[in-house]
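# Commentary on secondary and tertiary structure
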Amino acid sequence: MSVGIDRRVARNIDPFLAGATLLLCVFGLVMVYSTTRYGLHPLMFVRSQALHLVVGVLVAGFILAVDYRSFAAGARWLYVVNLLLLAAVLVAGRSSLGAQRWIPLGPLGQFQPSEFAKLAIVITLARHLADRPGPYTSVRDLLPFLAHIGLPMILIFKQPDLGTALVYGAIFVGMLYAGGARRRDLALLGAAGAVATPLLWRVFKEYQRRRLLSFLDPSLDPRGAGYGIIQSKIAVGSGMLWGKGLFAGTQNVLQFVPEHHTDFIFSVVGEELGFIGAVLLLLLFYIWVARGVRAAAVARDRFGALVAVGIVSMIAFHVFVNVGMTVGIMPITGIPLPFISYGGSALMTMIWAAALLLNIGMRRQKILF
Amino acid sequence: MDRDIFERRLSAILVVVAAMLIVLVVRLWQVQVVQGDYYLKLSEENRLRVTPVAAPRGALVDRQGRTLAANRPAFTVALLPLEVRRPAAEAAALGKILGMDPAEILLRLADGRDRPFEPVRLRRDVPKEVIAAIEEGQLDLPGVLVEVEPVRQYVYRSLAAQIFGYVGEINDQELRRLRSAGYELGDLIGKDGVEQTYDAYIRGKNGEIQAEVDAQGRVVRTLGTVPAVPGNTVVLGMDLTVQQVAEAGLGGRPGAVVAMDPRDGTIIAMVSHPAFDPDVFSGGIKAGVWNGLLKDPDRPLLDRVIQGAYPPGSVFKVVTASAALQLGLVTPETGFYSPGYYNLGGWTFHEWKALGHVNFIDAIAQSCDACFYQLAQRAGPNAVADYARRYGLGAPTGVDLPNEGDGVVPDPRWKERVWKQPWFGGDTLNTGIGQGYVLTTPLQIARMMAAVANGGTLVTPHVVTEIRSLDGKVIARIAPPPSGRVNVSRETMAILHTGLAAVVTRGTGTGVLMPGLTVAGKTGTAEASHGKPYAWFAAYAPVDQPRLVVVAMVENAGFGAENALPVVKLVLQAAFGIGESGAAPSGTPGAPGAPAQAQPAKAPAAIPRQGAPGTAAPKVGQ
């Protein structure tokens, strides 16, 4: 395994992807500040977020230095450790808002294994798909992969973290589709999932059911779950074309929108920067995703290509569900906006995902001189 | 796999992502540009505000349904942090009107800064004149809101004040502990007594008003109301009439009275004097008043019945007698001679009276110290302590009230540990007559007497008997099981019965004799470290099938027979509906028109009829 970056390899770093990542992170810091500058410690949140950003970038440096193929070698271990961590959350986790998602780390704070788990699943599933290259001629050929993500998915579902479990679904579909699964087989699995949903209804916690119901009809519960949707729409809508100006959002100041620095941060983007700002942000995400797809296309091997597809699927799903939630076209599932939402574990995961993409892209087969 | 297929599929993924983003952009266009004006109007001119509506606390009622604690509407003055432009000036002005320290107002304002759109309550139960002044000066006080909220009202003021407890705003510690149970900042919570123990039942569920408010925070339109759900009704075992008689009987003297059903531990009356005036808590207690209550040497916040620790004096002879009987040291016929003192190792222990020759029954009846010195010495300190513990002394009774005391049952090991001193022979003698290191709560004594009365069961005392929903349905019965049995023989119990009955018929307790009711009891006069002795009388009645235990203790009052016994007598008369003359009762004082008055003459007013617990009084738990 080669550690250290060859100069010619380094020259291959995709400047658009790196630049988009950097812009998103800085923009995220600004928005976190905008949403949390009230109270007695106006810098508390943004400082913590910046700290995670720095740590995340430092670790990302190491990720870049190592050939991504060494991650494939450690995939089995990664899978086991990941399962253990997820199980540990259920045993030792700290709950918040009715769910158990965090493991306390004493003075270091706490971390949310389900965030890192997303990346772990992308890497291990890519290895799995690379080891069994197909062709996949029936739905039965897909079952080992279903089992692969099913185990961690169940653990995450038990926390319960519906949103993250759905992210796994998106990663699965994206990677299997790119990996060559037949469309009809994937459709069959999707249909099976849809049929199973009524059964899941009974497993859902009360608050999850309420969230889903109030998504269908926000006026059912204007103070509770529906409240977030209504207030978020008011915030976004009142931004109009140009927005009220950075740091000038009234709904933001009033904290009408719940969780407005984490899951609902996009509502403040919409309010303060308007339609123009919101679309520019979505454009930035599109550039990011497009460069990610390019990394998949130029990857030197199946493993790298599939990791890239998994990461792209993950980010795209996050963006769509999160933004969709703030404008009332998606249910509230507690999925953060990548790079922007406050939350250290998620931010670091996303930065490392970007580093992996850069890694895959710069170690492509044909080195351009 | 074919490279071409792979790349085609990558393109398809990119197309899907682009489509999703386009969906989002279209939706943003719709919300921000097409409907933007509408949402802007909502956000700037009309703000949706949700104001919590405090739920009225559930009523406390006595066993006949008479209301003991309810609610009355009162004005609460609150401040909306968002609207306050000049905090210092406004705090000064408000402080003057509300009689609050401006620094405290600023502090509360700072607490609320994290949620500037939520009103911060400054003061509850503000007088009408002050509200009028505020409304007149509204222009000078932006952000001030006046709300009408229910405030706790105790119908009989300081009656049973420590038993009911009081209500106050939830503090940080309680909030941290109870947040998961749905408590929120600014909630009222029971801080002591029944209010605390049963808070979960009493508190109800806050409602809310969803309203559109204008930029000044004034309500433009009410969008919806979720009504507050009042708390459940808590039914106490207390009989208001008996309680009132007990309160009056004790009067202004510091002390405690407790009346309890010996069959199931239901508390019929519980008095601790001096008490406090619960009205000082209704608007949020002022720091000065609170410190005054805490520092008052008479300790009005203390529930003496469960938290006091008093030497029981001769009432403790029940324990010493049980030990002696069980160990076979004595029979009812055993003769004693009391010259008026007792010698042990060169020390002389004086006795209250030279009784001469007495048998064991008379030794109990006359409260012969010399006799019990002798029995205690022969039984030994460990046996006496063992029997004291069997009767539940030295440990909390498990009553449904917070912060119960446990008293002290001394033995040589205890003295070694706590005082680092050896046990002396004199310690055994003192313990044997309930002096020295023995400390008990009046409730422990009541439970001990109940155990004698019911044949050896250690009941678990409880103030509350059931919880009822607003529509009168019983949602919980409070009938804690007994904590155990005393484990003394039936013969021992019979002899104790005889002795305690003799106390009243021919001993120190003849003062309680009354026509129409047989009573057994024991006097106690326990020397205090300061002042006159503590006066005790502990009784149960009727002797053959006891339905009530009454214990009275008056601090530094003198002889039990003279000071505590009359209180017990009054309580028994009230509870069993016996007039002073012995004639048929014309009605129990203090409760005209109450359901019990409809019962035939001679029927006990408060005590369930014998042999059929739960038939006379409304719905007493098993």
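This one's a predicted model, so the numbers in the text were calculated from it and none came from an experiment. (Residues numbered from 1 in each chain as written. Chains lettered and ligands numbered in written order. Predicted model: local features only at pLDDT ≥ 70, side-chain atom pairs only at ≥ 80, totals over all residues.)

## Comments concerning the overall build of chain B
Rules: Helix numbers and strand numbers start at the N terminus; a helix is a DSSP run of H or I with at least 4 residues, a strand a run of E with at least 2. Comment: burial labels come from other C-beta atoms within 10 Å of the residue's own C-beta, placed from the backbone, where a count of 20 or more is buried, 12 or fewer is exposed, and between is partly exposed. Once C-beta atoms are placed from the backbone, any two residues with those atoms within 7 Å are in contact.
From N to C terminus, chain B includes 22 helices and 23 strands. Burial statistics for chain B: of 622 residues in total, 50% are counted as buried. Taking all contacts inside chain B whose residues are at least 6 apart in sequence as the whole, residues at least 24 apart take part in 72%.

## Examining the overall build of chain A
Of regular secondary structure, chain A possesses 15 helices and three strands. Relative to its full complement of 369 residues, chain A shows a buried share of 51%. Contacts spanning at least 24 positions in sequence make up 72% of the contacts within chain A whose residues lie at least 6 apart.

## A word on the interface of chain A and chain B
Which entries qualify depends on this criterion: Throughout this entry, Asp, Glu, Lys and Arg are counted as charged residues, while Ala, Val, Leu, Ile, Met, Phe, Trp, Tyr, Cys and Pro are counted as nonpolar. The remaining residues, Gly among them, count as polar.
On the chain B side, the residues contacting the 46 residues of chain A number 39 residues. Where the side of chain A that touches chain B is concerned, the elements lending two or more residues are helix H8 (162-179), helix H11 (225-238), helix H12 (250-254), helix H13 (265-298) and helix H14 (302-326) of chain A. Of the residues forming the side of chain A that touches chain B, the biggest block, 12 residues, is contributed by H13 of chain A. Tallied by class, the residues present in the side of chain A that touches chain B amount to 31 nonpolar, 13 polar and two charged.

## Comments concerning the nonpolar core
To keep it simple, the criterion reads: To define a nonpolar core, we join buried Ala, Val, Leu, Ile, Met, Phe, Trp, Tyr and Cys residues through C-beta atoms within 7 Å and take the resulting set. Domain borders in the structure are assigned automatically or taken from a domain database.
The biggest cluster of nonpolar side chains holds 134 residues, and the ones touching the most others in it are Val258, Ala259, Ala269, Met449, Val549, Val568 and Val571 of chain B. If you count residues domain by domain, this core takes at least three from each of domain 2 (49-233) and domain 3 (240-288 + 305-598) of chain B. Those residues within four positions of Ala259 of chain B in sequence are excluded, and the remaining contacts are Val242, Ala246, Ile268, Ala269, Leu548, Val549, Val550, Val571 and Ala575 of chain B. Formed by 118 residues, the second largest nonpolar core is a distinct cluster that contains Phe71, Leu119, Tyr168 and Met348 of chain A.

## A look at the pairing of strand E23 (residues 548-554) of chain B
All names here are of chain B. Defined as follows: Only when DSSP finds a minimum of two bridges between them are two strands counted as paired.
The buried fraction of E23 amounts to seven of the seven residues, a majority that puts the element mostly inside the structure. When strand E11 (residues 255-260) meets E23, the two strands line up antiparallel, connected through six bridges. Paired with Met260 across the bridge in E23 is Val549. Between the antiparallel neighbours strand E22 (residues 534-541) and E23 lie six residues.

## Focus on the confidence of the model for chain A
Caution is warranted with low-pLDDT regions, since their predicted coordinates should not be read in detail. Stated formally: As a per-residue measure, pLDDT tells how confident the predictor is, with possible values from 0 to 100.
Taken as a whole, chain A shows an average pLDDT of 84; of its residues, 83% reach a score of 70 or greater. In this model residues 219-223 of chain A is a low-confidence stretch, pLDDT under 50, and it forms 14 contacts with partners more than four residues away in sequence or in other chains.

## Looking at the packing of helix H5 (residues 75-92) of chain A against helix H6 (residues 113-131) of chain A
Residues and elements named next belong to chain A. Note the threshold: For helices, the axis comes from a line fit to the C-alpha atoms of the stretch in contact; other axes are also lines fit to C-alpha atoms, and the angle between any two N-to-C directions lies between 0 and 180 degrees. Angles below 35 degrees are treated as roughly parallel, those above 145 as roughly antiparallel, those between 65 and 115 as roughly perpendicular, and all remaining angles as oblique. For any pair of crossing helices, the crossing counts as left-handed if the nearer helix is rotated counterclockwise from the farther one by less than a right angle, and right-handed if it is rotated clockwise.
Running from N to C, H5 and H6 point in directions that differ by 150°, and their axes come no closer than 9 Å. On the basis of their axis angle, the class for H5 and H6 is roughly antiparallel. Considering the relative orientation of H5 and H6, their crossing is left-handed. Between H5 and H6, the residues in contact are Ala75, Leu78, Tyr79, Asn82, Leu85, Leu86 and Val89 and Pro113, Ser114, Ala117, Ala120, Ile123, Thr124 and Arg127, respectively.

## A closer look at the sheet that holds E22 of chain B
Residues and elements named next belong to chain B. The antiparallel open sheet is built from five strands, whose spatial order is E12-E11-E23-E22-E21. Edge strands, defined here as strands with exactly one partner in the open sheet, are strand E12 (267-273) and strand E21 (520-526). Across the sheet, the mean angle separating the axes of adjacent strands is 5° when strand polarity is ignored. Sitting on the sheet, helix H19 (residues 442-454) touches E11, E22 and E23, and the angle it makes with E23 is about 150°.

## Overview of the packing of H13 of chain A against helix H1 (residues 3-34) of chain B
Interaxial distance between H13 of chain A and H1 of chain B falls to 10 Å at its minimum, and their mutual angle equals 180°. Taken as axis vectors, H13 of chain A and H1 of chain B run roughly antiparallel relative to one another.

## Details of unusual backbone geometry
Residues and elements named next belong to chain B. The step from His273 to Pro274 runs through a cis peptide bond, and the omega angle for that step is -5°. Looking at where Pro274 falls in the secondary structure, it is placed in the loop between E12 and helix H11 (287-295). The residue after Ala541, namely Pro542, is reached through a cis peptide bond having omega -15°. Positionally, Pro542 belongs in the loop between E22 and E23. You will see that Ala160, though not glycine, has its phi angle at about 50°, which is positive. Checked against the element boundaries, Ala160 lands in the loop between strand E5 (144-154) and helix H6 (161-164). For Ala160, a count of 30 C-beta atoms within 10 Å puts it in the buried group. Phi is positive for Lys420, close to 55°, though the residue is something other than glycine. Mapped onto the elements of the fold, Lys420 is located in the loop between helix H17 (412-419) and helix H18 (425-432). Lys420 gets classed as exposed once you count the C-beta atoms within 10 Å, which come to 7.

## A word on the environment of Thr21 of chain A
All names here are of chain A. With respect to the secondary-structure elements, Thr21 resides in helix H2 (residues 15-36). Sequence separation between Thr21 and Ile351 is 330 residues, and the spatial gap between their C-alpha atoms is 7.6 Å. Discounting residues that sit within four places of it in the chain, Thr21 has contacts with Trp288 and Ala354.

## Considering the confidence of the model for chain B
Residue and element names in this part refer to chain B. Predicted confidence across chain B gives a mean pLDDT of 85, with 88% of residues reaching 70 or more. Confidence drops under pLDDT 50 across residues 581-606; counting only partners more than four residues distant or on other chains, this segment forms 43 contacts. For this predicted complex, the interface confidence comes out at an ipTM of 0.92, alongside a pTM of 0.61.

## Thoughts on the environment of Asn82 of chain A
Residues and elements named next belong to chain A. Residue placement: Asn82 occurs in helix H5. Expressed as a C-alpha distance, the spacing of Asn82 and Ser114, which sit 32 residues apart in the sequence, is 8.7 Å. Residues within four places of Asn82 in sequence aside, it is in contact with Ala117, Ala120 and Pro152.

## What to know about the environment of Gly334 of chain A
Residues and elements named next belong to chain A. Considering the arrangement of structural elements, one finds Gly334 in the loop between H14 and helix H15 (344-362). For Gly334, a count of 20 C-beta atoms within 10 Å corresponds to the buried category. In sequence terms Gly334 and Gly163 are 171 residues apart; their C-alpha atoms lie 5.7 Å from each other. Each residue touching Gly334, except ones within four places of it in the same chain, is listed here: Asp161, Gly163 and Asp263.

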